[in-house]
Structure formats: structure tokens, C-alpha cells
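Spelled out, the chains give:
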Amino acid sequence: MHIALDASDLASERLDGTTVYAQALLPRLATELASRSHDVTIFTPAALPGRFPPSGRIHLAVLPGRRFWTQTVLSRALFHVAPEILFLPIQTVPFYRPRRLKVVATVHDLDFLEYPEMFSIQHRVLLRWFTRVVARSATSIIAVSETTKRAVMQRYGRVADDIDVVPHGIDRGRFHVPTPSERSEAAVRRRTKY
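A brief structural summary.

Rules used in this analysis
- Residues numbered from 1 in each chain as written.
- Predicted model: local features only at pLDDT ≥ 70, side-chain atom pairs only at ≥ 80, totals over all residues.
- Heavy atoms only, no water.
- Buried < 20%, exposed > 50% of the residue type's maximum accessible area, 1.4 Å probe, protein only.
- Helix = DSSP H or I, 4+ residues; strand = E, 2+ residues; numbered from the N terminus.
- Contact = heavy atoms within 4.5 Å.
- Pairing = 2+ DSSP bridges.
- Axes fitted to C-alpha atoms, helices over the stretch in contact; angles between N-to-C directions.
- Phe/Tyr/Trp six-rings, centres within 6.5 Å; stacked < 30°, edge-to-face > 60°.
- Patch = residues over 30% accessible without salt bridge, like charges linked within 9 Å, V, L, I, M, F, W, Y side chains within 5 Å.
- Areas by Shrake-Rupley, 256 points an atom, 1.4 Å probe, with all protein chains shown as cover.
- Salt bridge = Lys/Arg side-chain N within 4 Å of Asp/Glu carboxyl O.
- Core = buried A, V, L, I, M, F, W, Y, C linked by side-chain atoms within 4.5 Å.

**Examining helix α2 (residues 70-81)**
So, point 1. Within α2, burial applies to T70, Q71, V73, L74, S75, A77 and L78.
So, point 2. In this fold, the buried residues of α2 make contact with β1 (2-6), β2 (39-44), β4 (85-88) and α4 (121-137).
So, point 3. Positioned one or two residues after α2, A82 has a phi angle of 55°, which is positive.

Here is the structure:
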């Protein structure tokens with residue numbers, strides 16, 4: 001099977017929750033898919049040196065572009081490359097895409113509706129439009145919590161069977177229960193600090 005991944009967030013200079021999610025998930029997902037004999041095309045607007053391990057099944061497609069990249073550049077590329085599935089780690093979907101293409105998109109939250117004062121008018125408008133397109137047209141939606149799943153169902157009328165809850169993961173290299181030796185080292189550092 002040929003699976004495409006939207007890695008446009010990795011080419012962004014901003015660092016927010018969705019970018020961290022994409023940074024952690026996409027290289028692992030590409031490696032896992034390739035290990036299961038799937039061909040993987042990673043679409044990005046800029047080169048991503050060292051982000052993805054070399055593999056004969058993983059292909060990086062650098063498609064330069066800026067504004068509305070997913071809606072313009074990625075949309076055109078999907079007709080030429082013709083993957084069977086497209087995964088988007090952010091809540092957007094190319095409006096124009098091949099009819100038989102299956103689309104899986106992640107919806108992180110609907111905070112722009114619940115707390116509009118936290119967003120600029122421009123971001124609220126874009127998030128409303130993009131999320132509505134995801135909710136109405138994605139083949140499957142990944143919600144990061146049961147609360148997000150219920151909100152998508154209530155706000156957009158999506159049925160429960162089309163939404164899978166997959167919580168954000170934990171970087172166990174950074175966040176873990178300290179071993180006894182780590183606790184001991186931390187205690188020594190605290191004592192010497194004061």
C-alpha cells in the first residue's frame with residue numbers, strides 16, 4: 001500500500017503542540033509503515049535533513065510553497081503521486097484531492113470554538129473552516145481525547161465509528177519514573193545547589 005504523510009508542520013519555524021506532535025510521530029510512523037512493506041511518501045515544503053531514516057520504502061517529496069500549502073501544492077501533488085491513504089497530523093485536509101484517496105486527519109481540540117478570545121480572528125476563521133472540512137470529508141478522524149471526539153460528534157455530526165481516540169504519547173526518554181540512581185543523583189544536585 002502507498003501511504004502519504006503531510007510533514008508540512010516540520011518545515012515550520014513555529015513550535016507549538018501540533019508541531020511537537022508531528023516531530024515525534026511522523027518519523028516513527030514512517031519507519032513503522034516501511035517495516036510493514038508499505039511505500040511511504042512524505043510531503044513537505046522544505047528539506048528535512050536527518051528527520052527520517054534512510055529507507056528504500058520512504059521517499060521525501062520536497063514541494064516548495066508557502067501560503068495554504070496543503071490546499072494548493074499538496075493538493076496538486078496528490079493527483080500525480082496517487083497514494084492510497086493520506087495522513088495529516090493537523091486538522092486540515094486538501095479540499096481538492098483524488099476521489100478514491102482515503103484521508104486520516106488528527107483533530108487536537110476545538111478550543112478555537114470554546115475559547116475564541118485566545119485566538120486571533122484570522123486563526124479562528126482558518127481553524128473553523130479547516131476543521132469543518134476535516135469533520136465533513138476525512139475518511140477517518142483521530143481525536144486526541146474522548147472530549148475532542150464528543151465535541152467533533154456534537155459540533156459536526158460525525159458518527160462515533162469514524163473517530164478513533166489516540167491520546168498524545170509521552171517521550172519516555174524525558175518523562176519517566178526516576179530510577180533509584182537518578183533519584184540519588186537528583187538529591188545530591190539539590191543539596192549542592194543550596
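**A closer look at the sheet that holds β2**
Where strands meet in a sheet, backbone hydrogen bonds hold them as pairs that are either parallel or antiparallel.
So, point 1. Here we have seven strands laid out as an open sheet, ordered β3-β2-β1-β4-β5-β6-β7, and parallel in their pairing. Two strands in the sheet have a free side with no partner beyond their single neighbour: β3 (58-62) and β7 (163-165). Direction aside, the axes of adjacent strands within the sheet are offset by 20° on average.
So, point 2. As paired strands, β1 and β2 are joined by five bridges and run parallel to one another. Paired with I3 across the two strands is V40, which belongs to β2.
So, point 3. Running at roughly 165° to β7, helix α5 (residues 146-156) makes contact with β5 (102-107), β6 (140-143) and β7 of the sheet.

**Thoughts on the packing of aromatic side chains**
One pair of aromatic rings is described through two measures. These are the centre distance and the angle between the planes.
So, point 1. Taken as a whole, this structure holds three aromatic pairs when the rule is applied.
So, point 2. With centroids separated by 6.3 Å and ring planes inclined at 40°, the aromatic side chains of F95 and W129 adopt a geometry described as tilted. Of this pair, F95 sits in the loop between β4 and β5 while W129 sits in helix α4, and the two are 34 residues apart along the sequence.
So, point 3. Overall, W129 belongs to the partly exposed group, its relative accessible area being 37%.
So, point 4. The rings of F95, Y96, W129 and F130 are connected pair by pair, giving a single aromatic cluster.

**A short note on a nonpolar patch on the surface**
So, point 1. A cluster of nonpolar side chains, F79, F95, Y96 and W129, forms an exposed patch at the surface whose accessible area comes to about 480 Å².
So, point 2. Of note, F79 is situated in helix α2.

**Considering the environment of E13**
So, point 1. Mapped onto the secondary structure, E13 falls in the loop between β1 and α1 (17-35).
So, point 2. In the structure, E13 is positioned 138 residues away from A151 in sequence and 30 Å away in space, judged by C-alpha atoms.

**A word on the pattern of salt bridges**
So, point 1. For the structure on display, the rule yields four salt bridges.
So, point 2. As a salt-bridge pair, E32 and R36 come within 2.6 Å of each other at their nearest N and O atoms.

**Focus on unusual backbone geometry**
So, point 1. Despite not being glycine, F68 has its phi angle at roughly 55°, a positive value.
So, point 2. Mapped onto the elements of the fold, F68 is located in the loop between β3 and α2.
So, point 3. Using a relative accessible area of 40% as the deciding quantity, one classes F68 as partly exposed.
So, point 4. Phi at A82 takes a positive value of approximately 55°, unusual for a residue other than glycine.
So, point 5. If you trace the backbone, A82 turns up in the loop between α2 and β4.

**A short note on the nonpolar core**
So, point 1. Of all hydrophobic cores here, the largest spans 28 residues; its most connected members are F43, V93, L110 and V152.
So, point 2. Considering each element in turn, this core owes the most residues, four residues, to α2.
So, point 3. Contact partners of F43, with chain neighbours within four places excluded, come to A4, L5, D6, A7, S8, A61, L63, W69, L74, A77, L78 and V81.
So, point 4. One finds A30, L33, A34 and I42 within the second-largest nonpolar core, a separate group that totals 17 residues.

Read these as layout, nothing more, since geometry by itself doesn't imply function.
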